Amino acid sequence: MSGPLEARLVESLAGFKRDGVYKRLNYLEGPQGPRVRMEGRGEVIILSSNNYLGLSAEPAVIAAGKDALDRFGAGTASVRFICGTFTIHRELEAVLAAFVGTAASLSFVSCWNANEALPTTVLTEHDLVLSDRLNHASIIDGIRLAKAITRCQTGVYEHSDLADLEAKLAAAQDRQVKMVITDGVFSMEGAIANLPGLAEVCRRHGALLVVDDSHATGVLGTTGRGTAEHFGMLGQIDVITSTLGKALGGAAGGFVAGSVALCDYLTQRGRPQLFSNALPTTVAGSAMAAVRFLESHPERVTTLRNNVRYFRERLTEIGFKPLPGETPIVPVIIGETAAAIKVSEMMLDEGVFVTGFGYPVVPQGTARVRCQLSAAHTRDDLDQALDAFRRVGRKLGLV
Ligand SMILES: Cc1ncc(COP(=O)(O)O)c(C=O)c1O
(Lines give C-alpha, C1' and ligand atoms only; values in the text may rest on other atoms or scores of the structure.)
Protein backbone atom coordinates (compact mmCIF):
# COMPACT_ATOMS: atom_id res chain seq x y z
CA MET A 1 0.00 0.00 0.00
CA SER A 2 1.28 3.47 -0.77
CA GLY A 3 -0.22 6.95 -1.12
CA PRO A 4 -1.83 9.33 1.36
CA LEU A 5 -3.33 6.69 3.64
CA GLU A 6 -0.06 4.83 4.14
CA ALA A 7 1.76 8.14 4.73
CA ARG A 8 -0.84 9.20 7.31
CA LEU A 9 -0.64 5.89 9.15
CA VAL A 10 3.17 5.89 9.25
CA GLU A 11 3.22 9.47 10.52
CA SER A 12 0.63 8.73 13.22
CA LEU A 13 2.51 5.64 14.40
CA ALA A 14 5.71 7.69 14.65
CA GLY A 15 3.74 10.21 16.72
CA PHE A 16 2.52 7.48 19.11
CA LYS A 17 6.15 6.43 19.63
CA ARG A 18 7.30 10.03 20.16
CA ASP A 19 4.54 10.60 22.73
CA GLY A 20 5.32 7.37 24.57
CA VAL A 21 1.85 5.96 23.94
CA TYR A 22 2.76 3.27 21.40
CA LYS A 23 1.57 -0.18 22.53
CA ARG A 24 4.15 -2.92 22.18
CA LEU A 25 2.63 -6.39 22.11
CA ASN A 26 4.09 -8.90 24.51
CA TYR A 27 4.15 -12.45 23.22
CA LEU A 28 3.39 -15.33 25.58
CA GLU A 29 4.91 -18.72 24.98
CA GLY A 30 2.57 -20.79 27.12
CA PRO A 31 -0.92 -20.84 28.59
CA GLN A 32 -2.39 -17.92 30.49
CA GLY A 33 -1.89 -18.35 34.23
CA PRO A 34 -0.68 -16.46 37.30
CA ARG A 35 2.83 -16.81 35.90
CA VAL A 36 3.59 -17.12 32.23
CA ARG A 37 6.62 -17.36 29.94
CA MET A 38 6.91 -14.14 27.98
CA GLU A 39 9.07 -14.06 24.87
CA GLY A 40 12.36 -12.34 25.66
CA ARG A 41 11.47 -11.93 29.36
CA GLY A 42 11.25 -15.41 30.83
CA GLU A 43 8.74 -16.06 33.58
CA VAL A 44 6.59 -13.10 34.61
CA ILE A 45 3.70 -12.71 37.02
CA ILE A 46 0.55 -11.74 35.15
CA LEU A 47 -1.37 -8.97 36.84
CA SER A 48 -3.33 -7.84 33.82
CA SER A 49 -5.46 -10.74 32.72
CA ASN A 50 -9.21 -11.31 32.84
CA ASN A 51 -8.58 -14.95 33.70
CA TYR A 52 -10.31 -14.19 36.99
CA LEU A 53 -10.92 -17.78 38.04
CA GLY A 54 -7.81 -19.28 36.47
CA LEU A 55 -9.98 -21.48 34.25
CA SER A 56 -8.25 -20.87 30.91
CA ALA A 57 -5.67 -23.55 31.74
CA GLU A 58 -7.97 -25.74 33.87
CA PRO A 59 -7.60 -29.34 32.63
CA ALA A 60 -11.38 -29.99 32.50
CA VAL A 61 -11.90 -26.81 30.45
CA ILE A 62 -9.14 -27.72 27.99
CA ALA A 63 -10.35 -31.32 27.70
CA ALA A 64 -13.90 -30.18 26.94
CA GLY A 65 -12.62 -27.97 24.11
CA LYS A 66 -10.65 -30.85 22.62
CA ASP A 67 -13.61 -33.17 22.94
CA ALA A 68 -15.86 -30.70 21.12
CA LEU A 69 -13.30 -30.42 18.34
CA ASP A 70 -13.24 -34.21 17.97
CA ARG A 71 -17.03 -34.47 17.99
CA PHE A 72 -17.94 -31.55 15.76
CA GLY A 73 -14.82 -30.79 13.73
CA ALA A 74 -13.50 -27.30 13.27
CA GLY A 75 -16.81 -25.59 12.44
CA THR A 76 -20.00 -25.42 10.35
CA ALA A 77 -18.28 -23.59 7.49
CA SER A 78 -21.22 -21.23 7.28
CA VAL A 79 -23.67 -19.27 9.33
CA ARG A 80 -26.05 -21.02 11.71
CA PHE A 81 -29.32 -20.74 9.84
CA ILE A 82 -27.85 -21.87 6.53
CA CYS A 83 -25.67 -24.81 7.41
CA GLY A 84 -27.18 -26.06 10.62
CA THR A 85 -26.44 -25.32 14.23
CA PHE A 86 -24.41 -27.66 16.38
CA THR A 87 -26.22 -29.19 19.31
CA ILE A 88 -23.41 -27.96 21.56
CA HIS A 89 -24.51 -24.36 20.89
CA ARG A 90 -28.03 -25.12 22.07
CA GLU A 91 -26.65 -26.86 25.13
CA LEU A 92 -24.27 -23.98 25.91
CA GLU A 93 -27.04 -21.42 25.53
CA ALA A 94 -29.29 -23.31 27.96
CA VAL A 95 -26.42 -23.59 30.46
CA LEU A 96 -25.60 -19.88 30.20
CA ALA A 97 -29.23 -18.79 30.60
CA ALA A 98 -29.65 -20.95 33.70
CA PHE A 99 -26.37 -19.64 35.08
CA VAL A 100 -27.20 -15.93 34.77
CA GLY A 101 -30.89 -16.32 35.63
CA THR A 102 -32.74 -15.69 32.38
CA ALA A 103 -35.17 -17.75 30.29
CA ALA A 104 -32.87 -17.98 27.25
CA SER A 105 -29.56 -16.93 25.79
CA LEU A 106 -27.94 -16.64 22.38
CA SER A 107 -24.21 -17.01 21.81
CA PHE A 108 -22.05 -14.80 19.60
CA VAL A 109 -18.40 -14.98 18.55
CA SER A 110 -17.67 -12.19 21.03
CA CYS A 111 -19.42 -9.96 23.52
CA TRP A 112 -18.49 -7.12 21.18
CA ASN A 113 -20.77 -8.78 18.62
CA ALA A 114 -23.46 -9.37 21.23
CA ASN A 115 -23.41 -5.71 22.28
CA GLU A 116 -23.54 -4.64 18.67
CA ALA A 117 -26.36 -7.02 17.77
CA LEU A 118 -28.71 -6.07 20.58
CA PRO A 119 -29.56 -2.38 19.96
CA THR A 120 -29.08 -2.55 16.19
CA THR A 121 -31.56 -5.41 15.89
CA VAL A 122 -34.35 -4.69 18.34
CA LEU A 123 -34.68 -0.90 18.37
CA THR A 124 -36.60 1.28 15.90
CA GLU A 125 -36.93 4.99 15.14
CA HIS A 126 -39.60 5.20 17.87
CA ASP A 127 -37.19 4.16 20.60
CA LEU A 128 -34.47 5.54 22.87
CA VAL A 129 -31.28 3.98 24.21
CA LEU A 130 -29.33 5.56 27.08
CA SER A 131 -25.79 4.57 27.99
CA ASP A 132 -23.62 5.20 31.07
CA ARG A 133 -20.80 7.59 30.16
CA LEU A 134 -18.15 5.03 31.16
CA ASN A 135 -19.64 2.06 29.33
CA HIS A 136 -17.37 -0.25 27.35
CA ALA A 137 -16.41 0.68 23.79
CA SER A 138 -18.50 -2.18 22.37
CA ILE A 139 -21.66 -0.69 23.89
CA ILE A 140 -20.78 2.76 22.62
CA ASP A 141 -20.13 1.50 19.10
CA GLY A 142 -23.22 -0.73 19.18
CA ILE A 143 -25.33 2.31 20.01
CA ARG A 144 -23.68 4.43 17.33
CA LEU A 145 -24.45 1.72 14.81
CA ALA A 146 -28.02 1.38 16.10
CA LYS A 147 -28.52 5.12 15.57
CA ALA A 148 -27.27 4.88 12.00
CA ILE A 149 -29.24 1.74 11.16
CA THR A 150 -32.51 2.18 13.05
CA ARG A 151 -32.61 5.98 13.59
CA CYS A 152 -33.39 5.38 17.24
CA GLN A 153 -32.73 8.23 19.65
CA THR A 154 -29.57 7.85 21.71
CA GLY A 155 -28.16 9.53 24.80
CA VAL A 156 -25.52 9.29 27.49
CA TYR A 157 -26.14 9.73 31.23
CA GLU A 158 -23.33 10.71 33.57
CA HIS A 159 -21.50 7.81 35.14
CA SER A 160 -23.71 6.05 37.70
CA ASP A 161 -25.79 9.23 38.03
CA LEU A 162 -29.34 8.07 38.72
CA ALA A 163 -30.71 11.64 38.80
CA ASP A 164 -29.32 12.33 35.33
CA LEU A 165 -30.70 9.04 34.04
CA GLU A 166 -34.07 9.82 35.58
CA ALA A 167 -34.16 13.27 33.96
CA LYS A 168 -33.28 11.84 30.55
CA LEU A 169 -35.93 9.14 30.82
CA ALA A 170 -38.52 11.66 32.00
CA ALA A 171 -37.80 13.80 28.93
CA ALA A 172 -38.43 10.85 26.63
CA GLN A 173 -41.99 9.91 27.41
CA ASP A 174 -42.90 9.78 23.74
CA ARG A 175 -40.49 6.89 23.12
CA GLN A 176 -42.06 3.44 22.67
CA VAL A 177 -39.08 1.49 24.00
CA LYS A 178 -36.57 2.99 26.42
CA MET A 179 -33.44 0.92 26.83
CA VAL A 180 -30.79 1.65 29.46
CA ILE A 181 -27.42 -0.06 29.11
CA THR A 182 -24.79 -0.24 31.82
CA ASP A 183 -21.65 -2.20 32.51
CA GLY A 184 -22.13 -4.43 35.56
CA VAL A 185 -18.51 -3.80 36.53
CA PHE A 186 -16.81 -0.84 34.85
CA SER A 187 -13.63 -2.21 33.33
CA MET A 188 -11.37 0.80 33.86
CA GLU A 189 -12.66 1.68 37.36
CA GLY A 190 -13.52 -1.69 38.84
CA ALA A 191 -16.68 -0.03 40.18
CA ILE A 192 -19.93 -1.98 40.44
CA ALA A 193 -23.06 -0.49 38.86
CA ASN A 194 -25.84 0.39 41.27
CA LEU A 195 -28.25 -2.21 39.93
CA PRO A 196 -30.95 -1.77 42.58
CA GLY A 197 -31.02 1.98 41.87
CA LEU A 198 -30.93 1.54 38.11
CA ALA A 199 -33.63 -1.13 38.16
CA GLU A 200 -35.86 1.11 40.27
CA VAL A 201 -35.46 4.12 37.96
CA CYS A 202 -36.06 1.91 34.93
CA ARG A 203 -39.15 0.38 36.50
CA ARG A 204 -40.63 3.82 37.23
CA HIS A 205 -40.08 4.94 33.63
CA GLY A 206 -41.03 1.68 31.95
CA ALA A 207 -37.47 1.29 30.66
CA LEU A 208 -35.64 -1.92 29.91
CA LEU A 209 -32.37 -2.52 31.78
CA VAL A 210 -29.46 -4.16 29.95
CA VAL A 211 -26.37 -5.11 31.96
CA ASP A 212 -23.05 -5.99 30.33
CA ASP A 213 -21.62 -8.37 32.91
CA SER A 214 -18.35 -9.17 31.12
CA HIS A 215 -16.23 -8.34 34.18
CA ALA A 216 -18.79 -9.72 36.64
CA THR A 217 -19.69 -13.14 35.23
CA GLY A 218 -17.81 -15.70 37.32
CA VAL A 219 -16.64 -12.91 39.61
CA LEU A 220 -19.48 -11.25 41.53
CA GLY A 221 -22.01 -12.95 43.76
CA THR A 222 -21.37 -15.89 46.08
CA THR A 223 -21.46 -18.37 43.21
CA GLY A 224 -20.11 -16.08 40.48
CA ARG A 225 -23.40 -15.46 38.67
CA GLY A 226 -22.66 -11.79 38.30
CA THR A 227 -23.85 -8.38 39.35
CA ALA A 228 -27.46 -9.51 39.78
CA GLU A 229 -26.40 -12.19 42.27
CA HIS A 230 -24.19 -9.65 44.06
CA PHE A 231 -27.29 -7.54 44.76
CA GLY A 232 -29.67 -10.46 45.37
CA MET A 233 -31.43 -9.68 42.08
CA LEU A 234 -30.96 -12.92 40.14
CA GLY A 235 -33.77 -13.32 37.63
CA GLN A 236 -34.76 -9.65 37.88
CA ILE A 237 -32.60 -8.13 35.13
CA ASP A 238 -34.27 -7.78 31.73
CA VAL A 239 -31.21 -8.45 29.57
CA ILE A 240 -27.64 -9.49 30.37
CA THR A 241 -24.80 -9.52 27.89
CA SER A 242 -21.48 -11.05 28.78
CA THR A 243 -18.28 -12.55 27.47
CA LEU A 244 -16.86 -16.06 27.53
CA GLY A 245 -13.46 -14.50 26.98
CA LYS A 246 -12.70 -13.62 30.59
CA ALA A 247 -13.64 -15.73 33.65
CA LEU A 248 -15.42 -18.49 31.69
CA GLY A 249 -12.40 -20.07 30.04
CA GLY A 250 -11.03 -16.94 28.46
CA ALA A 251 -10.98 -18.04 24.82
CA ALA A 252 -13.54 -15.81 23.11
CA GLY A 253 -17.28 -15.58 22.63
CA GLY A 254 -20.15 -13.75 24.19
CA PHE A 255 -23.87 -13.95 24.66
CA VAL A 256 -27.12 -12.08 25.09
CA ALA A 257 -29.34 -13.52 27.83
CA GLY A 258 -32.97 -12.52 28.24
CA SER A 259 -36.44 -13.63 27.25
CA VAL A 260 -37.15 -16.43 24.77
CA ALA A 261 -38.66 -13.90 22.36
CA LEU A 262 -35.61 -11.63 22.54
CA CYS A 263 -33.18 -14.44 21.75
CA ASP A 264 -35.44 -15.79 19.02
CA TYR A 265 -35.75 -12.34 17.46
CA LEU A 266 -31.97 -11.88 17.52
CA THR A 267 -31.66 -15.28 15.82
CA GLN A 268 -34.13 -14.18 13.13
CA ARG A 269 -32.88 -10.67 12.53
CA GLY A 270 -29.51 -10.03 14.19
CA ARG A 271 -27.01 -9.29 11.45
CA PRO A 272 -23.96 -10.61 13.35
CA GLN A 273 -25.90 -13.93 13.63
CA LEU A 274 -27.30 -13.99 10.12
CA PHE A 275 -24.12 -13.09 8.30
CA SER A 276 -21.30 -14.48 10.44
CA ASN A 277 -20.29 -17.95 11.59
CA ALA A 278 -21.15 -19.33 15.01
CA LEU A 279 -18.87 -19.55 17.99
CA PRO A 280 -16.26 -22.29 17.35
CA THR A 281 -17.34 -25.54 19.00
CA THR A 282 -14.05 -25.82 20.89
CA VAL A 283 -14.89 -22.54 22.60
CA ALA A 284 -18.47 -23.64 23.25
CA GLY A 285 -17.19 -26.84 24.86
CA SER A 286 -14.63 -25.05 27.01
CA ALA A 287 -17.06 -22.33 28.11
CA MET A 288 -19.68 -24.89 29.09
CA ALA A 289 -17.07 -26.83 31.07
CA ALA A 290 -16.03 -23.56 32.76
CA VAL A 291 -19.61 -22.92 33.93
CA ARG A 292 -19.93 -26.49 35.18
CA PHE A 293 -16.57 -26.27 36.93
CA LEU A 294 -17.65 -23.09 38.66
CA GLU A 295 -20.96 -24.62 39.70
CA SER A 296 -19.11 -27.43 41.46
CA HIS A 297 -16.26 -25.20 42.74
CA PRO A 298 -17.84 -22.00 44.07
CA GLU A 299 -14.85 -21.75 46.43
CA ARG A 300 -12.89 -20.34 43.46
CA VAL A 301 -14.94 -17.17 43.79
CA THR A 302 -14.11 -16.99 47.50
CA THR A 303 -10.40 -17.44 46.78
CA LEU A 304 -10.59 -14.63 44.24
CA ARG A 305 -12.32 -12.38 46.75
CA ASN A 306 -9.69 -13.13 49.42
CA ASN A 307 -6.89 -12.36 46.95
CA VAL A 308 -8.54 -9.05 46.08
CA ARG A 309 -8.82 -8.03 49.73
CA TYR A 310 -5.22 -9.03 50.49
CA PHE A 311 -3.77 -7.25 47.46
CA ARG A 312 -5.74 -4.03 47.95
CA GLU A 313 -4.80 -3.80 51.62
CA ARG A 314 -1.07 -4.40 51.05
CA LEU A 315 -0.93 -2.03 48.07
CA THR A 316 -2.49 0.70 50.21
CA GLU A 317 -0.01 -0.01 53.03
CA ILE A 318 2.85 0.51 50.55
CA GLY A 319 1.50 3.98 49.87
CA PHE A 320 -0.42 3.61 46.60
CA LYS A 321 -3.99 4.80 46.42
CA PRO A 322 -5.94 2.30 44.34
CA LEU A 323 -9.47 3.35 43.43
CA PRO A 324 -11.61 1.89 46.23
CA GLY A 325 -13.73 -1.15 45.47
CA GLU A 326 -14.20 -4.84 45.93
CA THR A 327 -13.76 -6.24 42.42
CA PRO A 328 -10.57 -7.88 41.07
CA ILE A 329 -9.96 -4.77 38.95
CA VAL A 330 -7.63 -2.57 41.00
CA PRO A 331 -6.74 0.63 39.14
CA VAL A 332 -3.87 2.78 40.42
CA ILE A 333 -4.17 6.31 39.02
CA ILE A 334 -0.80 7.68 37.85
CA GLY A 335 -1.83 10.80 35.88
CA GLU A 336 -0.25 11.27 32.48
CA THR A 337 -0.40 8.48 29.89
CA ALA A 338 3.36 8.36 29.37
CA ALA A 339 3.88 8.04 33.16
CA ALA A 340 1.44 5.12 33.41
CA ILE A 341 3.19 3.38 30.54
CA LYS A 342 6.54 4.02 32.25
CA VAL A 343 5.28 2.35 35.44
CA SER A 344 4.09 -0.68 33.49
CA GLU A 345 7.46 -0.92 31.68
CA MET A 346 9.37 -0.74 34.97
CA MET A 347 7.08 -3.36 36.49
CA LEU A 348 7.79 -5.63 33.56
CA ASP A 349 11.51 -5.17 34.16
CA GLU A 350 10.73 -6.40 37.67
CA GLY A 351 8.98 -9.47 36.23
CA VAL A 352 5.39 -8.28 36.67
CA PHE A 353 3.11 -7.78 33.68
CA VAL A 354 0.62 -5.01 34.46
CA THR A 355 -0.78 -2.75 31.76
CA GLY A 356 -0.82 1.04 31.70
CA PHE A 357 -3.92 2.70 30.22
CA GLY A 358 -4.11 6.26 29.04
CA TYR A 359 -6.12 8.61 26.87
CA PRO A 360 -8.35 7.91 24.91
CA VAL A 361 -9.18 4.69 26.80
CA VAL A 362 -9.55 6.76 30.01
CA PRO A 363 -10.01 10.55 30.37
CA GLN A 364 -6.92 12.82 30.03
CA GLY A 365 -4.93 13.11 33.26
CA THR A 366 -6.32 9.89 34.75
CA ALA A 367 -3.94 7.40 33.15
CA ARG A 368 -3.50 4.36 35.31
CA VAL A 369 -2.01 0.96 35.73
CA ARG A 370 -4.79 -1.52 36.09
CA CYS A 371 -4.07 -4.56 38.23
CA GLN A 372 -6.32 -7.53 37.75
CA LEU A 373 -6.32 -10.39 40.17
CA SER A 374 -7.09 -14.05 39.72
CA ALA A 375 -8.11 -16.89 42.00
CA ALA A 376 -5.06 -18.65 40.57
CA HIS A 377 -2.63 -16.14 42.14
CA THR A 378 -0.87 -17.58 45.18
CA ARG A 379 0.15 -15.40 48.13
CA ASP A 380 3.70 -15.77 46.82
CA ASP A 381 2.68 -14.34 43.42
CA LEU A 382 0.91 -11.42 45.09
CA ASP A 383 3.76 -10.68 47.53
CA GLN A 384 6.30 -10.68 44.71
CA ALA A 385 4.13 -8.30 42.68
CA LEU A 386 3.67 -6.03 45.71
CA ASP A 387 7.44 -5.92 46.31
CA ALA A 388 7.89 -4.86 42.70
CA PHE A 389 5.28 -2.12 43.16
CA ARG A 390 7.13 -0.89 46.26
CA ARG A 391 10.46 -0.67 44.40
CA VAL A 392 9.00 1.00 41.28
CA GLY A 393 6.90 3.38 43.38
CA ARG A 394 9.96 4.49 45.36
CA LYS A 395 12.13 4.93 42.26
CA LEU A 396 9.50 7.16 40.67
CA GLY A 397 8.67 9.00 43.89
CA LEU A 398 5.08 7.76 43.81
CA VAL A 399 5.11 6.35 47.36
C1 LIG B 1 -17.44 -4.60 29.58
C2 LIG B 1 -17.01 -5.32 28.34
N3 LIG B 1 -17.92 -5.61 27.40
C4 LIG B 1 -17.58 -6.26 26.27
C5 LIG B 1 -16.28 -6.64 26.03
C6 LIG B 1 -15.94 -7.35 24.76
O7 LIG B 1 -15.82 -8.72 25.03
P8 LIG B 1 -15.28 -9.71 23.92
O9 LIG B 1 -13.82 -9.82 24.12
O10 LIG B 1 -16.02 -10.98 24.18
O11 LIG B 1 -15.66 -9.13 22.60
C12 LIG B 1 -15.30 -6.38 26.98
C13 LIG B 1 -13.90 -6.77 26.71
O14 LIG B 1 -12.95 -6.16 27.08
C15 LIG B 1 -15.67 -5.69 28.16
O16 LIG B 1 -14.75 -5.39 29.09
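That block above? That's the structure.
Described below are features of the structure shown in this document. Because the structure is predicted, anything quoted here is derived from the model rather than measured.

Remarks on the state of the cysteines
Here comes step 1: Across all of its chains, the model carries 0 disulfides by this definition.
Here comes step 2: The cysteine Cys111 is free of any disulfide, with Cys263 supplying the nearest cysteine sulfur at 13 Å.
Here comes step 3: The buried category is assigned to Cys111, whose relative accessible area is 7%.

Re helix H6 (residues 137–150)
Because each turn of an α-helix spans 3.6 residues, side chains separated by three or four positions in sequence point in the same direction.
Here comes step 1: Here H6 is 14 residues long and its end C-alpha atoms lie 19 Å apart, about the 20 Å a rise of 1.5 Å per residue gives.
Here comes step 2: Within H6, burial applies to Ser138, Ile139, Gly142, Ile143, Ala146 and Thr150. Each buried residue of H6 lies within a common arc of 130° when the element is viewed along its axis, so the set occupies one face. Those residues of H6 that are exposed and angled more than 90 degrees off the buried face are Arg144 and Ala148.
Here comes step 3: The inward-facing, buried residues of H6 abut helix H5 (111–122), strand S4 (128–132), strand S5 (153–157), strand S6 (178–183) and strand S7 (208–212).
Here comes step 4: Just beyond H6, the residue with positive phi is Arg151, at close to 65°.

Some remarks on unusual backbone geometry
Here comes step 1: Of the consecutive residues Tyr359 and Pro360, the connecting peptide bond is found in the cis state with omega at 5°.
Here comes step 2: Counting through the fold element by element, Pro360 comes out in the loop between strand S12 (355–357) and strand S13 (367–372).
Here comes step 3: Even without being a glycine, Ala77 presents a positive backbone phi close to 65°.
Here comes step 4: Take Ala77: it is sitting in the loop between helix H2 (59–72) and helix H3 (80–83).
Here comes step 5: On the accessibility criterion, Ala77 (72% relative accessible area) is exposed.

The rules behind the values
Sequence order as written defines residue numbering, which begins from 1 separately in each chain. Given that this is a predicted model, residues contribute local features only at a pLDDT of at least 70 and side-chain atom pairs are listed and counted only at 80 or more, while totals for whole chains, interfaces and linings are drawn from all residues. In computing side-chain values, all of the structure's heavy atoms are included and hydrogens and water are not. To count as a disulfide, a pair of cysteine sulfur atoms needs to be within 2.5 Å. For every residue, the accessible area obtained with a 1.4 Å probe (protein chains only) is divided by the maximum for its type, and the residue is called buried under 20%, exposed over 50%, and partly exposed between those limits. Labels follow the DSSP assignment, with helices taken as runs of H or I lasting at least four residues and strands as runs of E lasting at least two, numbered in each case from the N terminus. Given the number of residues in a helix, its expected span is that number minus one, multiplied by 1.5 Å. Directions pointing from the helix axis toward each C-beta atom define the arc. What makes two residues a contact is simply this: any of their non-hydrogen atoms within 4.5 Å.

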